[in-house]
Amino acid sequence: MTAFVDATQPGCPSGLAPPSTSLAGDLSAFVREKGGVKTLTLSVRGAKCGGCLSKIETKVGEISGVRGARMNLSNGKLVVNWVGATSADQIADCVSNLGYGVSAFSEDSSAKAAKSEERDLLISMAIAAFALANIMLLSVSVWGGHGEMGEQTRKALHGISGLIALPVLIFSGRHFFQSAFAALRHGHANMDVPISLALILAFGVSVWETVTGGAHAYFDASVMLLCFLLVGRFLDARLRRQTQAAAHELAALQNRSLNRLGRDGQVEAIRADQVQKGDRILLAAGERAVVDLKVTQGSSGIDESLVSGESLPRTISAGETLYAGSLNLDQPLTGEALGAVSDSLLSQIADMLEAGEQKRARYRQIADKAVALYVPFVHTTAALAFIAWLLMGASVHYAIIIAVSTLIITCPCALALAAPVAQVVASGHLFKRGIFLRSGDALERFAEIDHIVLDKTGTLTLGTPELISEHGAELNLAAQLARASRHPLSRAIVAAAGPGPIADQIKEHPGLGVEAQIGGESYRLGSADWVGIEDASVSSGPSLWFTGPDGASIPFRFEDQLQSDARETLSSLTQQGLTAEILSGDREDAVAKIANTLAIETWHAKVSPTGKAERLSDLNASGKNVLMVGDGLNDAGALAMAHASLAPGGAMDISQSASDAVYSGGLGAIRTVLNVSKKTKAIMLQNFGLAAAYNCIAVPIAVTGHVTPLVAAIAMSASSLIVTLNALRIKGGAAWT
Amino acid sequence: MDIIVYLIPVALGLGLLGLGAFLWSVKSDQYEDLDGAAHRILVDEDKPLSDQSDLPE
């Protein structure tokens, strides 16, 4: 593998992920120390293959003092142990220089609980499977020797089966018993009540049969039921943990540290969650604010595109409020924290998020509906069968056997597997295409979408301006000034000019422009009035002016470019009968232009965050199932209100946590999500249909008393297998991607 | 048929052995990084087998 890995090449050598070098601040606040050994867990983005593994582990291992570096390719976690003076940032820089994105990772308690739950279920499942295999071995000989086997031998085999089954039912079955007991204590029934009842009754009847020397014992059936149910439970827990891990990973991106100014004037790096109200925070140029700040010192241009959707920077000075998510562009700022990180969201947005969460909690999944139908159906049938056989003169013992076999054979195995298997297959499929689902039930909501609302800046567009006017030699001159600035328009000039020299004696004037010397002569690059232009009507949209020593001024014009696949995606979505609209906080002309290009008729500009959420609730009220796609803080409320929502990978953390899925790459992801969801929903419905059809056949057989343990075993495994195989079809078919 | 007195415990014992091995692998975190494990066997460091100075003259 290393044979074709070029360590000088940045990023993943397989080309599966683009190189990135984003690095989040000072990481020393995330180091844990124990007995002189320091440990840091990093979340690495962009590592996709074995080449990345060896590249990262080898390079980090070469840093002085490093005892061990172990990378987990599945979740991108890199654990580094070291001793000595090496700093956390040196390690992070090393990974970053290899071309990977790095942020600090701190595991929270919910992730640990989810992990131990998944492990518990896996162990229970393995034990149930072991018991099933061994009991089946004995059962097959009982079935095979039917009529020839002596009663003593049969009794012994049944006895051994029972001895294997009892501890396993207690250990592996506790998941169901505990949940059923908890539900009954609160006076309602869940899926686990009929399951527990079937398990206990089947075991009890089998013990009775064994003791009295009967021909049929259902130990195998009860353990098989348990085993299949645990498979479904395990898949469900695994999916939940994966989606949770994806969400946590996103939150980890925001695990920034910031610089606090102590009373003695010392600067100290602290974790974002340690900030308290009133702390004095130093915000360096190029740093993104993590908390709301009241600026006390300095003046600088700030990029608020993630907060308000406004694509052009504005100037901020002492006394003004800087919201979390804003990017400081040119000068260092000092500010006072207005609250802890958790309070730093606009309170109205937090309220909207809560409203959205509540709305989603009320959503009823197909599986819930199926269970609500299933539970009373099975219990009524079993009870009726019991009474009917008694009335027809059968013994109580026989009637109980009939009732129990009905409970076993209408087994919820297929039902328990129908939804989780489909969801696991679909989320794995989406994951490979760069889409992280944040909840399993989101798939069902995505499948019901009929209207799409899109944010403009950063969602439909790239979110960074590009130079659109044509220039000759003056571009290279302007670039010498622009290279010293972080202003997005300056960056766009640099991107157009490519690498080159930097001018001398650069002075950056916040909100105005850059002044510098080239070859002893003075040049200026900045806004129209600053360079002395009165009539700036030449330009529509953002522009910069460049003046030389001769006083002549040249305009540079910029445009926020569309995502390359925006047009194609929207036209294909429209063809599928979906309607679309743009909801942006940006200026009217900028939005109108994009809407025109994409042939979207409905668009709203200069919409406030509350306005966005209101528009969403209007659409909801008119009976539309809306998909919201957006990235900014101003979209968070709308994302939470929508029937389903998507956020791009570069979005604010609050927007990512308000949405159902996060995508990387272009807008084509919208199409993928919708198509895969539709297919998943269809497969899930088919699965429930198959389970229902199976019950239609199985119930008459059970009620009429024709179920032997052999029939039960075949029927149960066949139905589970069919449902699982059907779910695997989601992966197939290139047309669906 | 007396043989089943031995065979059943032997079968159960072998099964338990497999179960024990599986539980051990779960508990020692071997299912935490399935992708990485698949790639790791292909990682092949291009390093000299031994330091040249250690070789006999």
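Further up the page is the structure itself.
From a predicted model like this one, the values you see are computed outputs, not experimental measurements.

**Q** So what's going on with the overall build of chain B? Residues and values would help.
**A** Helix and strand counts for chain B come out as two helices and zero strands. Expressed as a percentage of the 57 residues in chain B, the buried residues total 14%. Accessible surface for chain B amounts to roughly 4700 Å². Of this, 65% is attributable to carbon and sulfur atoms.

**Q** Help me get a handle on the sheet that holds strand 10 (residues 299-303) of chain A, residues and values and all.
**A** The antiparallel open sheet is built from three strands, whose spatial order is 11-10-13 (chain A). The sheet is open, and its two edges are formed by strand 11 (314-317) and strand 13 (327-328) of chain A, each paired on a single side.

**Q** Just give me the short version of helix 15 (residues 488-497) of chain A, but keep the residues and values in it.
**A** All names here are of chain A. When we look at burial in helix 15, the residues that qualify are Pro488, Leu489, Ser490, Ala492, Ile493 and Val494. Among the structural elements, strand 10, strand 17 (461-467), helix 14 (473-482), strand 20 (521-526), strand 21 (543-547) and strand 22 (553-562) are those in contact with the buried residues of helix 15. Downstream of helix 15 by one or two residues, Gly498 has phi in the positive range, about 85°.

**Q** Could you give an account of the interface of chain B and chain A, naming the residues involved and the relevant values?
**A** On the chain A side, the residues contacting the 24 residues of chain B number 30 residues. Taken together, the two surfaces of chain B and chain A that pack against each other cover about 2300 Å², and 64% of this comes from carbon and sulfur. Scanning the region where chain B abuts chain A turns up four salt bridges. Close ionic contact of Glu32(B) with Lys115(A) constitutes a salt bridge, the shortest N to O distance being 3.8 Å. The interface formed by chain B and chain A holds six residue pairs in polar contact (both at pLDDT 80 or more) in total. Mapped by element, the contributors of at least two residues to the side of chain B that touches chain A are helix 1 (4-27) and helix 2 (34-40) of chain B.

**Q** Any chance you could break down the packing of aromatic side chains for me, citing the residues and the numbers?
**A** Counted by the stated rule, this structure contains six aromatic pairs over all chains. A ring pair is formed by Phe431(A) and Phe436(A), whose centres lie 5.2 Å apart and whose planes are at 90°; its orientation type is edge-to-face. The class of Phe431(A) is partly exposed, set by a relative accessible area of 44%. On the numbers, 5.7 Å between centres and 55° between planes, the contact of Phe22(B) with Tyr31(B) is tilted. An aromatic cluster is defined as three or more aromatic residues linked by ring pairs; in this entry it consists of Tyr523(A), Phe546(A) and Phe556(A). The ring of Phe171(A) is capped by Arg174(A), whose NZ or CZ atom sits 4.4 Å from the centre of that ring.

**Q** Summarise the sheet that holds strand 16 (residues 451-454) of chain A; cite the residues concerned and give the values.
**A** All names here are of chain A. Here we have seven strands laid out as an open sheet, ordered 15-27-26-25-16-23-24, and mixed in their pairing. Bordering the open sheet on either side are strand 15 (435-437) and strand 24 (602-604), each of which pairs with just one other strand. Here the strands of the sheet are splayed against their neighbours by 20° on average, with no regard to which way each runs. Bridge count for strand 16 against strand 25 (residues 626-629) is four bridges, and the pairing is parallel. In the strand pairing of strand 25, Val453 is matched with Met628.

Definitions and cut-offs
- Residue indices begin from 1 for each chain and proceed along its sequence in written order.
- Following the order in which they are written, the chains are lettered starting with A and the ligands numbered starting with 1.
- Local features in a predicted model are, by the rule used here, given only for residues with pLDDT of at least 70; side-chain atom pairs are given and counted only at 80 or more, and totals for whole chains, interfaces and linings are based on all residues.
- Hydrogens and waters are ignored; side-chain quantities use all the structure's heavy atoms.
- Put simply, DSSP H or I for four residues or longer makes a helix, DSSP E for two residues or longer makes a strand, and each gets a number counted from the N terminus.
- For every residue, the accessible area (1.4 Å probe, protein chains only) is compared with the maximum for its type, and the residue is labelled buried under 20%, exposed over 50%, or partly exposed between those bounds.
- Every accessible area reported is derived by Shrake-Rupley at a probe size of 1.4 Å, with residue values counting cover from the shown protein chains alone.
- Any two strands with at least two DSSP-identified bridges between them are counted as paired.
- Contacts are residue-level and defined by heavy atoms, with any inter-residue pair within 4.5 Å sufficient.
- When two parts are brought into contact, each loses some accessible area as probed by a 1.4 Å sphere; the total of that loss over both is the buried area.
- One speaks of a salt bridge when a side-chain nitrogen belonging to Lys or Arg is within 4 Å of a carboxyl oxygen belonging to Asp or Glu.
- Contacts described as polar in this section are N or O atom pairs within 3.5 Å, which, within protein, must combine one atom able to donate a hydrogen with one able to accept it, while residues neighboring in sequence count only if both atoms come from side chains.
- Each Phe, Tyr or Trp ring, with Trp reduced to its six-membered ring, pairs with another whose centre is within 6.5 Å; inter-plane angles below 30 degrees give stacked pairs, above 60 give edge-to-face pairs, and intermediate values give tilted ones.
- By the criterion adopted, a ring carries a charge over it if an Arg CZ or a Lys NZ lies within 6 Å of its centre and within 35 degrees of its normal.
- Between N-to-C directions, angles cover 0 to 180 degrees, with each direction set by a line fitted to C-alpha atoms, over the stretch in contact for helices.

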